[in-house]
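Observations on the three-dimensional arrangement
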Amino acid sequence: MNSLFKALNDPTRRAILELLKEGDMTAGEIADSFHISKPSISHHLDLLRQAGLVASVKEGQFINYSLNTTVLDEILKWMMQLTQNNK
């Protein structure tokens, strides 16, 4: 769970998640939306993937990234359970 919160703590990574909300994208397409280096975008994508927030599939020479909402669903469920127990 620490990797999830670490991933969500960065505004660039949150912006990447917002982009992926619209649909799958390649790393290059994601990088084109930012004014930072492609290696930096790759690092952010790797942290998001390690946290389970994005999935990646290699297709030829490209890697397509997609949003994985399962992890977010689980954390929201956990947070809701916390608030219900404190009432």
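Before any of the text, the structure's been laid out above.
This report concerns the structure included in the present document.

Rules and cut-offs
- Residues numbered from 1 in each chain as written.
- Predicted model: local features only at pLDDT ≥ 70, side-chain atom pairs only at ≥ 80, totals over all residues.
- Heavy atoms only, no water.
- Pairing = 2+ DSSP bridges.
- Helix = DSSP H or I, 4+ residues; strand = E, 2+ residues; numbered from the N terminus.
- Buried < 20%, exposed > 50% of the residue type's maximum accessible area, 1.4 Å probe, protein only.
- Contact = heavy atoms within 4.5 Å.
- Axes fitted to C-alpha atoms, helices over the stretch in contact; angles between N-to-C directions.
- Arc of directions from axis to C-beta.
- Polar contact = N/O pair within 3.5 Å; in protein donor to acceptor, adjacent residues only side chain to side chain.

1. Points about the pairing of strand S3 (residues 62-67)
Pairing analysis gives two bridges linking strand S1 (residues 25-26) to S3, with the strands arranged antiparallel. Residue pairing across strands places Thr-26 opposite Asn-64, the latter belonging to S3. Where strand S2 (residues 54-59) and S3 come together, six bridges link them in antiparallel fashion. Bridging from a neighbouring strand, Glu-59 pairs with Phe-62 of S3. Counting the residues that bridge the hairpin from S2 to S3 gives two residues, and of these Gly-60 lies at a positive phi of roughly 65°.

2. Side note on the side chain of Ser-66
With respect to the helices, strands and loops of the structure, Ser-66 is situated in strand S3. Accessibility expressed as a relative area gives 19% for Ser-66, which makes it buried.

3. Looking at the sheet that holds S3
Here three strands make up an open sheet; going across it, the order is S1-S3-S2 and the pairing antiparallel. The sheet is open, and its two borders are formed by S1 and S2, each paired with just one other strand. Contacting S1, S2 and S3, helix H2 (residues 11-21) runs over the sheet at an angle of about 90° to S3.

4. As for H2
Each α-helix turn comprises 3.6 residues. Residues three or four places apart therefore point the same way. Taken together, the buried positions of H2 are Thr-12, Arg-13, Ile-16, Leu-17 and Leu-20. One face of H2 carries all of its buried residues, which in axial projection span an arc of 145°. For H2, exposure combined with an orientation more than 90 degrees from the buried face picks out Pro-11 and Lys-21. Looking at the buried positions of H2, the neighbouring elements they touch are helix H1 (2-8), S1, helix H3 (27-31), helix H4 (38-50), S2 and S3. Looking at where H2 begins, the residue whose side-chain oxygen comes 2.8 Å from the main-chain nitrogen of Thr-12 is Asp-10.

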